[in-house]
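# Survey of secondary and tertiary structure
Listed below are the residues making up each chain.
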Amino acid sequence: MSDIQQYAYWMALAHLPKWRTEKINRLIVEILHELNMSFYDFFEMDQKSWSEEFHFNSKELNDLDIAKTELPNYSFLVEDLLNQGFELIPIDADDYSPTLKNNLKLKYAPPLLYTKGNKSLLKESSIAIVGSRNASDISLEFTKKIAQNTVKSFQVVVSGFAKGVDRTALEETLTANGRSIIVLPQGIMTFAGGFKKYYSRIIEGDVLVLSAYHPKAPWSVGLAMGRNTYIYGLADKIYVAESDVKGGTWSGVADGLRKNREIYVRKPNPGENNANDLLILKGATPVNINGDIVQREELENFEEQVKNVLSSKPLTAKEIKDQIHIDIDTRKLSSMLSELTFVVKEKDDGKNRYRLKNSELIQTNLFDSRDI
Amino acid sequence: MNRSQAEQKLQQIFNIDHFYDDQWKTIKRILNGERILLIEKTGFGKSLCYQFPATQFSGLTIIFSPLIALMRDQVKYLKSIGIPTECVNSGQEPEENAEILEKAKNGQIKIIYIAPERQENREWLEAVRNMQISMVVIDEAHCISVWGHDFRPAFRRIVSLVRLLPQNFPVLATTATATKRVAEDVRTQIGNNVTLIRGNLLRENFHLSVVKVHNEESKMAWLAGFLKKHAGGNGLIYTGTRVNTDLFSSWLQFAGISASSYNAGLDSESRKDIENGLIENRWKCIVSTNALGMGIDKPDIRFIVHTQMPQSPIHYYQEIGRAGRDGLPTRIILLYNPEDRELPEHFIKNSRPSMKKYEKVIDALKTEPMGEWNLMRATNLTQTQVRVIRADLIDQGIIKEVMYGGSKKYEYQYGAPQLDTRPFEELRNFKMAELEQMISYSESSSCRMDFLCRYLGDDTVNHCGKCDNDLQKDLHYNLSEDRQKKIDEFRDSYFPELEVETKNSNIVNGVASSYYGISNVGAAIHRCKYENGGDFPNHLLKQTLRAFRHKFGNEEFDLVVYVPPTESGDLVRNFAGKVARTLKFPLSPKLVKITATKPQKIFQNSVLKRDNVKDVFLYRDESGIIGKKILLIDDIYDSGATIKEIGRLFTKLGAEKIAPLAIAKTVGGDI
Ligand SMILES: [Zn+2]
């Protein structure tokens, strides 16, 4: 069903305004697989049969009516795209990334991908290296190491083309003669500068440029945030160079951990101002600068120590810090404490104090993913 | 809507009371959202088959047509009957086109005519995304097929578009000239479910004949006699080359017949003027390459004479199809010399550059994306070669045409297939076989109309009763001595024009004494330049002075300046000196080259030629140029890049007029 004559229909459905991805995907599945109709049949239906068969509300009916009249316009746009060497990959096509489909499911997997370059990279084993735009030198160092390792193991590096970790991962991969998927925070027709820059690597098959957005969509914060989902979705494994306590990296990793994804976080050196150890606390696997898995000893020590000092009486974060001689600021220690399942926080005299949960006196299981 | 309802509307809107059966058959299906290929002869009324449905649809009808003249006529007509219609083309100012696109977006237009090339235009592609479109029409649809007589790569994108349109979106493709093979090809290209509607092809008012001759002079003489004594009304003379349009029209003028020449090398303003002149019968005839006549709305072209047989019967049928649309008797004559096969054979054999040149382009595009000009710079190929290669590489999916901001560049594709040359060979063989058919037509002794119609898939004619063979006339022409003398006289006074005039320069069109390569002049120049033959001989001087007198009469010039040579040598200086002495104008040696250039002849295209001479000249006495009329002398005029560059310099220095004079002009050259 995904031959090129269907592309205008795919675009019309994929870009229905303000429809959730899942709703679009479910509609596609219903049309093509459950009802065994063609898109052509679907768009031949009138409003009445649409509401009878699919129970659309009036906004949805209106959207579909407009989409129907825009089909010829999408044909013009598809022609333009194909002429310029872009490819369209609908979610039911063989070329569609199995990793992406498997990770994001119908809920988040984009119904239509736009690509240029070697699309077989979508079938390769892949990693993503993520981190903030203003990452520290050591995080960039880590990024380069991981990129080099990835190239050595013939895997593909997924990059979001943002400043900092993203761009370093991409450049290092290409310098090491590796292969990369660039996931755009914008429509694929608005990336002329990038196509020029990576021209030779694209035509050699080392780079695939991919976008899940309307081809003409300009960059925006919203698209950049949404793009993170696709980066995580396209990778088999995720390496975190550096994360803040909020922002794209943080929420992406937190979401990934909830879904039991394989996530490796660089274990920070003492005194680093980031949230890497928090992610480790949340269950991510700590790795050293070379990407090798390290023991969670220190972390377990930290938990033992907290248990010890709290066993006699509740303490403030400041007091805990002083007693266990930990070299981080109090605010961050508070965040870490709140990750510990055996600790509860109480307000007393206008001060936050931590004490052990009663049950914790006997429980030894430190991690409960339900809480994260 | 049934037929009588439709015909009521037809009466109201178009003031026409009924459809022909094939028209209604087509329209009914179009209104039903079907795809149709309609093949009907010129004059059938194909355009009504899309104009009428266009008035019935809620949105816009887009008509892709390669014929600007036809667009203009139809827009005028449709506007006059109150149907909001516009055309967008490169002949109009960008602002005007932008305004029309805006109207189309706002739904203020029912029909828009655009050239196929427009499908590559950014503004158009952006605008069309926001138009409500109801139908797409492809006029001259035979241009889609390489098996036809006029394949145009610009139609490629229209084909891709039509394949992508929704299944029930009405598409009408029309042509007057398609063999079965072309029709089949067009049908498969524009998608599944295309219905073919085909009418008969007999043109009842045509009197076809072939006149057998032995040489070019005979053609010239026969033509003069025919136009003076036998040809009624006004018509067209088709030649095989641009050079010959000029030669034949000059000859006819020399023989006292009012004639003009036309070819694709003219600027659009001149072309438009000549097209108008054709409609107004300003001349007895227009001598043209086959660029003229397509889409011109003149019903009473009374005769068409070919001085060179076309490549195939389908070319021929298409070219003569422009005549006699009013149904009155029309004479269609081919002047045939068996040796004439050489020209089309040459075109067919050289229609594609060598494989090495394809590889050059591919290799260049592997380094970086390039536009056409940079590609010409990088490969040193002619513009025509680059365009042919580019179209083939796009067709085979090896390169793509990509937009970088506002400019078009070509990109090599990841995973591109190897260049496949088999289709080129197959096409070449096919065209050679078609040429043999054209020769068969010329030598045939049976009905000529039957021959052409059969070739195009219509075998209903048998005997037209009007052609030379049906009337049992065997036409030959032998040249008399008198006529030969007259032609010799003409040849002695015939000088090729150097067309260099532009708006921003004070340079005027000049003259050369002869064409290089088709006379002994070229050989003489070559001996002097490359075989140490000494100064240019006196007969060249005499001939050049005659050309000067012919073009400029007794006009006085203030200075004679010559183009400084690339390599050492005084040939041109000595020659210019002799010209100056004879004409008694002062000679100036002050024009020099400040940077070394390479010989222009090693560059195959005008971009590189222009780059090579840009800013390389200096005049040693700048104030000596102000207000002067300058005669500028060179030995061989090729692309004109050097002459134009010097014209630019002298204009900047304040020259009043710069007139070029060359010994010989090369045939061909691009742009
Ligand atoms: Zn006949």
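Residues numbered from 1 in each chain as written. Chains lettered and ligands numbered in written order. Predicted model: local features only at pLDDT ≥ 70, side-chain atom pairs only at ≥ 80, totals over all residues. Heavy atoms only, no water.

### Regarding the overall build of chain B
The secondary structure content of chain B amounts to 24 helices and 23 strands. Computed over the C-alpha atoms, the radius of gyration of chain B is 27 Å, within 12% of the 26 Å expected from 2.2 N^0.38 for a compact globule of 671 residues. Based on the C-alpha atoms only, the size of chain B along its principal axes is roughly 85 × 65 × 50 Å. Across the 671 residues of chain B, 56% fall into the buried class. The contacts in chain B between residues at least 6 apart in sequence include a share of 75% that link residues at least 24 apart. For chain B, the exposed area adds up to about 29,000 Å²; of that, 46% sits on carbon and sulfur atoms. Each charge class in chain B was averaged separately, 90 positive and 84 negative side chains, and the resulting centres sit 1 Å apart. (Helix = DSSP H or I, 4+ residues; strand = E, 2+ residues; numbered from the N terminus. Rg over C-alpha atoms; globule rule 2.2 N^0.38 Å. Buried < 20%, exposed > 50% of the residue type's maximum accessible area, 1.4 Å probe, protein only. Contact = heavy atoms within 4.5 Å. Areas by Shrake-Rupley, 256 points an atom, 1.4 Å probe, with all protein chains shown as cover. Lys, Arg positive; Asp, Glu negative; His and termini not counted. Charge placed at Lys NZ, Arg CZ, Asp CG, Glu CD.)

### Side note on the overall build of chain A
What chain A contains, in helices and strands, is 17 helices and 11 strands. Along the first, second and third principal axes, the C-alpha atoms of chain A reach 75 × 50 × 30 Å. Counting only residues that meet the buried cut, chain A has 55% of its 372 residues in that class. Residue pairs in contact within chain A that sit at least 24 positions apart in sequence constitute 68% of those at least 6 positions apart. With 47 positive and 51 negative side-chain charges, chain A shows a spacing of 5 Å between the two charge centroids.

### As for the environment of Thr382 of chain B
Residue and element names in this part refer to chain B. Tracing the sequence through the fold places Thr382 in the loop between α15 (372-379) and α16 (383-395). Note on Thr382: relative accessible area 16%, which makes it buried. Separated by 371 residues in the primary sequence, Thr382 and Gln11 have C-alpha atoms spaced 53 Å apart.

### So, the interface of chain A and chain B
Contacts between chain A and chain B engage 32 residues on the former and 40 residues on the latter. Both faces considered, chain A and chain B share a buried interface measuring about 3,100 Å² in area, 55% of it formed by carbon and sulfur atoms. If you look at where chain A meets chain B, you find five salt bridges. When the shortest N-O distance is used, the salt bridge between Lys116 of chain A and Glu411 of chain B registers 2.8 Å. If you look at where chain A meets chain B, you find 17 residue pairs in polar contact (both at pLDDT 80 or more). Of all the elements in the fold, those that place two or more residues in the side of chain A that touches chain B are α1 (7-14), α3 (39-44), α6 (71-83), β2 (112-117), α10 (192-197) and α11 (199-203) of chain A. Ranked by the residues each element gives to the side of chain A that touches chain B, the list is headed by α6 of chain A, at 11 residues. (Buried area = accessible area lost by both parts, 1.4 Å probe. Salt bridge = Lys/Arg side-chain N within 4 Å of Asp/Glu carboxyl O. Polar contact = N/O pair within 3.5 Å; in protein donor to acceptor, adjacent residues only side chain to side chain.)

### What to know about the coordination of the zinc ion
Summarising the metal site, the zinc ion is bound by the protein donors Cys447 of chain B (SG), Cys464 of chain B (SG), Cys467 of chain B (SG) and Asp470 of chain B (OD), whose distances to it range over 2.1 to 2.3 Å. The buried category is assigned to Cys467 of chain B, whose relative accessible area is 0%. (Donors = N, O, S within 2.8 Å, 3.2 Å for Na, K, Ca; no water.)

### Description of the pattern of salt bridges
In this structure the tally under the stated criterion is 64 salt bridges over all chains. Salt-bridge contacts for Glu346 of chain A lead to Arg355 of chain A; the nearest nitrogen and oxygen are separated by 2.5 Å. For Glu346 of chain A, a relative accessible area of 30% puts it in the partly exposed group. Connected through salt bridges with shared partners, the residues Glu79, Asp80 and Lys216 of chain A together with Arg122, Glu126, Arg129, Arg157 and Glu401 of chain B form a single ionic network.

### A look at the pairing of β2 of chain A
All names here are of chain A. Burial of β2 is extensive: six of the six residues sit out of reach of the surface. Bridge count for strand β1 (residues 87-90) against β2 is four bridges, and the pairing is antiparallel. Paired with Ile89 across the two strands is Leu113, which belongs to β2. Where β2 meets strand β6 (residues 207-211), four bridges bridge the pair, whose relative direction is antiparallel. When the bridges of β6 are listed, Thr115 appears paired with Leu210. (Pairing = 2+ DSSP bridges.)

### Brief notes about the sheet that holds strand β6 (residues 171-175) of chain B
All names here are of chain B. In space, the seven strands of this open sheet follow the order β3-β4-β2-β5-β6-β1-β7, with parallel pairing throughout. The open sheet has two edge strands, β3 (85-88) and β7 (194-198), and neither has a second partner. Between one strand axis and the next, the sheet turns by 20° as a mean value, whatever way the strands run. Bridge count between strand β2 (residues 60-64) and strand β5 (residues 133-138): five bridges; the pairing is parallel. Across the sheet, residue Ile62 finds its bridge partner in β5, namely Val136. Those strands touched by helix α5 (residues 94-105) are β2, β3 and β4 (111-114), and its axis lies near 135° from that of β3. (Axes fitted to C-alpha atoms, helices over the stretch in contact; angles between N-to-C directions.)

### A word on the sheet that holds strand β9 (residues 234-238) of chain B
All names here are of chain B. Taken together, six strands build an open sheet; the order of strands is β8-β13-β12-β9-β11-β10 and the sheet is parallel. The outermost strands of the open sheet, each flanked by one partner alone, are β8 (206-212) and β10 (259-262). Ignoring strand direction, the axes of neighbouring strands in this sheet form an average angle of 20°. Relative to strand β13 (residues 330-336), β8 runs parallel, the two being bridged by seven bridges. Looking at β13, one finds that Ser209 is bridged to Ile333. Helix-sheet contacts for helix α11 (residues 268-279) involve β9, β10 and β11 (285-288), and the interaxial angle to β10 is about 140°. Of the strands in this sheet, β8, β9, β12 (301-306) and β13 are in contact with helix α12 (residues 313-320), which crosses β12 at around 150°.

### Examining the packing of aromatic side chains
In the structure shown here, the tally under the stated rule is 37 aromatic pairs over all chains. With 5.7 Å between their ring centres and 90° between their planes, Phe226 of chain B and Phe303 of chain B make a pair best called edge-to-face. Taken together, the positions of Phe226 of chain B in helix α9 (residues 216-230) and Phe303 of chain B in strand β12 put the pair 77 residues apart, joining distant regions of the chain. For the pair formed by Phe226 of chain B and Phe303 of chain B, the shared burial category is buried. Three or more aromatic residues joined by ring pairs make a cluster, and in this case those are Tyr9, Trp10, Trp19, Phe39, Phe42, Phe43, Trp50, Phe54 and Phe56 of chain A. (Phe/Tyr/Trp six-rings, centres within 6.5 Å; stacked < 30°, edge-to-face > 60°.)

### Thoughts on the confidence of the model for chain A
Residues of chain A with pLDDT of at least 70 account for 94%, and the chain-wide mean is 89. Note on residues 360-372 of chain A: pLDDT is under 50 here. Beyond four places in sequence and across chains, it has 17 contacts. (pLDDT = per-residue confidence, 0-100.)

### Digging into the confidence of the model for chain B
Of the residues in chain B, 99% have a pLDDT of 70 or more, and the chain-wide mean is 90. Reported confidences for the modelled complex are a pTM of 0.81 and an ipTM of 0.80.

### Considering helix α21 (residues 538-552) of chain B
All names here are of chain B. When the terminal C-alpha atoms of α21 are compared, their 21 Å separation across 15 residues agrees well with the 21 Å that a helix rising 1.5 Å per residue should span. Of the positions making up α21, those classed as buried are Leu540, Leu541, Gln543, Thr544, Leu545, Ala547, Phe548 and Phe552. For α21, the secondary structure elements touched by its buried residues are β17 (510-515), α20 (520-530), α22 (571-583), β22 (629-637) and β23 (657-665). Just downstream of α21 lies Gly553, where phi reads positive at about 60°. (Expected span 1.5 Å × (residues − 1).)

### Examining unusual backbone geometry
Unusually for a residue other than glycine, Asn260 of chain A sits at a positive phi of about 60°. Structurally, the position occupied by Asn260 of chain A is in the loop between α13 (248-258) and β8 (262-266). In this structure Asn260 of chain A comes out as exposed when scored by relative accessible area, which is 69%. Backbone geometry places Asn380 of chain B, a non-glycine residue, at a positive phi of 55°. By secondary structure assignment, the location of Asn380 of chain B is in the loop between α15 and α16.

### Remarks on the packing of helix α8 (residues 137-152) of chain A against helix α9 (residues 165-175) of chain A
All names here are of chain A. For the pair α8 and α9, interaxial distance at closest approach is 9 Å and the crossing angle is 40°. Relative to α9, the element α8 lies oblique. Like other packed secondary-structure pairs, α8 and α9 cross with a definite hand, here right-handed. Note on element contacts: α9 touches α8 through Val165, Thr168, Ala169, Glu172 and Thr173, opposite Leu140, Thr143, Lys144, Ala147, Gln148 and Val151. (Parallel < 35°, antiparallel > 145°, perpendicular 65-115°, else oblique. Left-handed = near helix turned anticlockwise from the far one by under 90°.)

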